[in-house]
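Residue-level structural notes
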2 protein chains.
Amino acid sequence: MDIALPLTKLIEQFARFPGVGKKSAQRLAFYILDLPDEKVKELAKVILEAKNTIHRCKICGNLTDSENCTVCSNKDRDFGTICVVEDPRDIIAFERTKEYNGVYHVLHGLLSPLDGIGPDKLTVKELLTRISTGTVNEVIMATNPTVEGEATAIYISNLLKPLGVKVTRLAYGIPVGGNLEYADEITLLRALDGRSEL
Amino acid sequence: MDIALPLTKLIEQFARFPGVGKKSAQRLAFYILDLPDEKVKELAKVILEAKNTIHRCKICGNLTDSENCTVCSNKDRDFGTICVVEDPRDIIAFERTKEYNGVYHVLHGLLSPLDGIGPDKLTVKELLTRISTGTVNEVIMATNPTVEGEATAIYISNLLKPLGVKVTRLAYGIPVGGNLEYADEITLLRALDGRSEL
């Protein structure tokens, strides 16, 4: 194939992106070449800037470019409620609801003994330290409804309960807009168990 | 939404990419943050390098980082056959066949009177100059089989025929691996017209 090397390299870079195949990578590369110079410079700058400035919040483990993340430094938030999530991108999902006003704690993973991931690899110790201040009323376990997510939620709640803090778990059920016909049995059973009076 | 600004900016940049929605943009942004520092630097470098070094080949209009493109500077290619395409990405498609050994000519567009794109906006003059050297035996019109593609092919072939050069057009027909059931009438008619003896 007689193709200019810088173009081939660019296509290769994009082909490494998650969910981007060969054809899409080519499309992205040509998109870059069609952009005005200053837009490309801006893109490269934004990429480097994000990588260089973003790190974990010292309090909750969320991603931030300052010492504490935007959630932890927002005085209007309810610091008595901590929502425990696996990953910073789960925080974005919660923030999108625009309703949750508590703070977060990012575990940066889930317990997975087979992969050698024990509690020491997660930010469990940091969570216990936060609880020990005595200002936390409720901890919402918001790990994914998978085997590892469940196991991690149960493990952490067992550690937290003796400290006298209320530990809750997200509700299971039919997703809004979902179709009963396509719901799996376990989800349906959980939806039945969690039914509420109208 | 309480989200770090450099991260929001990065997501916005990716959301502008063609075919990348909000969720995919977020996924790409987190992919960047998860990459090692040097990989991110490399990505930014490759993007800037491609944009700064890639320009049009003086002969055929293909994209290149040197004076002439890799096709035009390859002495093993057949300079007597010119394949006329709309866009440099069409060249990549032809090069992928690994069979075509002629050279190319990129029009950088198609005739479109409604959008004010006349022959002067395309590289038609450059093509005529190449033909006038007398070394070209055949010009293959390989514009897309759309209204504009057809019109452009016919327009250019009318200009070329008086110069005594053989002008051909890509064959129409059923795509390999395609399904007759789903072929449109015009394609089927063209496939019938172009049938060959077995």
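As shown above, the structure is provided for reference.
I will try to describe carefully the structure that is included in this document. All figures in this text were calculated on a predicted structure; none of them were measured in a lab.

**Here we look at the packing of aromatic side chains**
On inspection of all chains with the given rule, the structure shows 12 aromatic pairs over all chains. Relative to Tyr104(A), the ring of Phe94(A) has its centre 6.2 Å away and its plane inclined at 55°; by these criteria the two rings are tilted. In this pair, Phe94(A) is assigned in helix α4 (residues 88-96) and Tyr104(A) in strand β4 (residues 102-106), connecting sequence segments 10 residues apart. For the pair Phe94(A) and Tyr104(A), a shared accessibility class is recorded, and that class is buried. A network of ring pairs unites the aromatic residues Phe14(A), Phe17(A), Tyr31(A), Phe14(B), Phe17(B) and Tyr31(B) as a single cluster. Directly above the aromatic system of Tyr172(A) lies the positively charged group of Arg190(A), at a separation of 4.3 Å from the ring centroid.

**With respect to helix α3 (residues 37-53) of chain A**
Between its first and last C-alpha atoms α3(A) spans 24 Å; for 17 residues at 1.5 Å apiece the expected length is 24 Å, and the two agree. Among all positions in α3(A), only Val40(A), Leu43(A), Ala44(A), Val46(A), Ile47(A), Ala50(A) and Lys51(A) are buried. An end-on view of α3(A) places all buried positions within 155° of arc, on one side of the element. Turned more than 90 degrees from where α3(A) packs its buried face, Glu38(A), Lys41(A), Lys45(A) and Asn52(A) sit exposed. Those residues of α3(A) that are buried lie in contact with α2 (22-34) of chain A together with α1 (5-15), α2 (22-34) and α3 (37-53) of chain B.

**Observations regarding the nonpolar core**
Core analysis: the biggest nonpolar cluster contains 48 residues, and Leu7(A), Phe14(A), Ile32(A), Leu7(B), Phe14(B) and Ile32(B) have the highest contact counts within it. When residues of this core are traced back to their parent elements, those giving at least two are α1 (5-15), α2 and α3 of chain A together with α1, α2 and α3 of chain B. Other than its neighbours up to four places away in sequence, Phe14(A) contacts Val20(A), Ala25(A), Leu28(A), Ala29(A), Ile32(A), Phe17(B) and Ile47(B). By size, the runner-up hydrophobic cluster in this structure holds 31 residues, among which are Cys72(B), Cys83(B), Val84(B) and Val165(B).

**A few points about the interface of chain B and chain A**
Taken residue by residue, the interface counts 54 residues in chain B and 54 residues in chain A. Taken together, both faces of the contact between chain B and chain A bury some 5400 Å²; the carbon and sulfur share is 68%. Broken down residue by residue, the surface that chain B buries against chain A is led by Asp2(B), Ile47(B) and Lys51(B), which jointly contribute 14%. Our count for the chain B to chain A interface comes out at 4 salt bridges. Taken together, chain B and chain A are joined by 14 residue pairs in polar contact (both at pLDDT 80 or more).

**Observations concerning the state of the cysteines**
All names here are of chain A. Inspection of every chain in the model, using the stated rule, returns 0 disulfides over all chains. Left without a disulfide partner, Cys69 is nearest to the cysteine sulfur of Cys60, which lies 3.6 Å away. Since its relative accessible area comes to 0%, Cys69 is described here as buried. Unpaired in this structure, Cys83 has its nearest cysteine sulfur neighbour in Cys60, at a distance of 11 Å.

**Examining the relation of the copies chain B and chain A**
Mapping chain B onto chain A calls for a rotation angle of 180° and an axial translation of 0.0 Å; the resulting RMSD is 0.0 Å. Both chain copies can therefore be described as sitting about a two-fold axis. When C-alpha distances to the rotation axis are compared across chain B, the minimum falls at Ala44(B), with a value of 2.4 Å. Looking at chain B, 100% of its interface residues are interface residues in chain A too, so the copies touch through the same face.

**Quick look at the sheet that holds strand β5 (residues 138-141) of chain B**
Residues and elements named next belong to chain B. In space, the 4 strands of this open sheet follow the order β4-β3-β5-β6, with parallel pairing throughout. Each end of this open sheet is capped by a strand with a single partner; those strands are β4 (102-106) and β6 (166-169). Each neighbouring strand pair of the sheet contributes to a mean axis angle of 25°, computed without reference to strand direction. Sheet topology places β5 next to β6; 4 bridges connect them, and they run parallel. When the sheet's bridge partners are listed, Glu138 is paired in β6 with Lys166. Packing of helix α4 (residues 88-97) onto the sheet brings it into contact with β3 (78-85) and β4, and relative to β4 it is tilted by some 160°. Along the sheet face, helix α6 (residues 147-160) touches β5 and β6 and points at about 170° away from the line of β6.

**Looking at the pattern of salt bridges**
Residues and elements named next belong to chain A. All chains considered together, the criterion is met by 13 salt bridges over all chains. A salt bridge links Glu95 to Arg77; the shortest N-O distance between them is 2.8 Å. Separated by 18 residues along the polypeptide, Glu95 in helix α4 and Arg77 in the loop between β2 (63-64) and β3 (78-85) bring together distant segments of the chain. Side by side, Glu95 and Arg77 carry an identical accessibility label, which is buried. One salt bridge in this structure joins Arg169 and Glu150, with 2.7 Å as the shortest N-O distance. With Arg169 in strand β6 (residues 166-169) and Glu150 in helix α6 (residues 147-160), this residue pair connects regions lying 19 residues apart in the sequence. Using a relative accessible area of 27% as the deciding quantity, one classes Arg169 as partly exposed.

**A look at the pairing of β4(B)**
All names here are of chain B. Among the 5 residues of β4, 5 are classified as buried, and the element is accordingly described as predominantly covered. When β3 meets β4, the two strands line up parallel, connected through 5 bridges. By the bridge assignment, Val84 is partnered in β4 with His105. Viewed along the sheet, the connection from β3 through α4 into β4 turns out right-handed.

Quick notes on the rules
Residue numbers run consecutively from 1 along every chain, following the written order of its sequence. Think of it this way: whatever chain is written first is A, whatever ligand is written first is 1, and the rest follow in order. Note on the predicted model: pLDDT of at least 70 is required for a residue's local features to be given, and 80 or more for side-chain atom pairs to be given and counted; whole-chain, interface and lining totals, by contrast, use all residues. Side-chain metrics rest on all non-hydrogen atoms present in the structure, leaving aside hydrogens and water. Stacked, tilted and edge-to-face are the three classes assigned to paired rings of Phe, Tyr and Trp, where Trp is represented by its six-membered ring and a pair needs centres within 6.5 Å; plane angles under 30 degrees give stacked, over 60 edge-to-face, the rest tilted. The helix count covers DSSP runs of H or I at least four residues long, the strand count covers runs of E at least two residues long, and both are numbered beginning at the N terminus. Exposure is judged per residue with a 1.4 Å probe applied to protein chains only, and the accessible area is read against the type maximum: over 50% gives exposed, under 20% gives buried, and values in between give partly exposed. The criterion is that NZ of a Lys, or CZ of an Arg, lies within 6 Å of the ring centre and within 35 degrees of the ring normal, and then a charge sits over that ring. A helix is expected to span 1.5 Å for every residue after the first. The arc in question is traced by the directions running from the helix axis to the C-beta atoms. The contact criterion used is simple: two residues touch if any of their non-hydrogen atoms lie within 4.5 Å. The definition of a nonpolar core used throughout is a set of buried Ala, Val, Leu, Ile, Met, Phe, Trp, Tyr and Cys residues joined through side-chain atoms within 4.5 Å. When two components associate, each loses some accessible surface as probed by a 1.4 Å sphere; the sum of these losses over both components is called the buried area. Any carboxyl oxygen of Asp or Glu within 4 Å of a side-chain nitrogen of Lys or Arg constitutes a salt bridge here. Between N or O atoms, a polar contact is any pair within 3.5 Å; within protein, one atom must be a potential hydrogen donor and the other a potential acceptor, and residues adjacent in sequence are included only when both atoms are from side chains. Criterion for a disulfide: a pair of cysteine sulfur atoms at a distance within 2.5 Å. The copies were overlaid with a least-squares fit restricted to C-alpha atoms from residues scoring a pLDDT of at least 70 in each copy. Each pair of strands is called paired provided DSSP finds at least two bridges between the two strands. Helix axes use the C-alpha atoms of the stretch in contact, all axes being lines fitted to C-alpha atoms, and the angles between their N-to-C directions lie in the range 0 to 180 degrees. When the strands point away from the viewer and the connection leading from the first strand across the helix to the second strand turns clockwise, the crossover is called right-handed.

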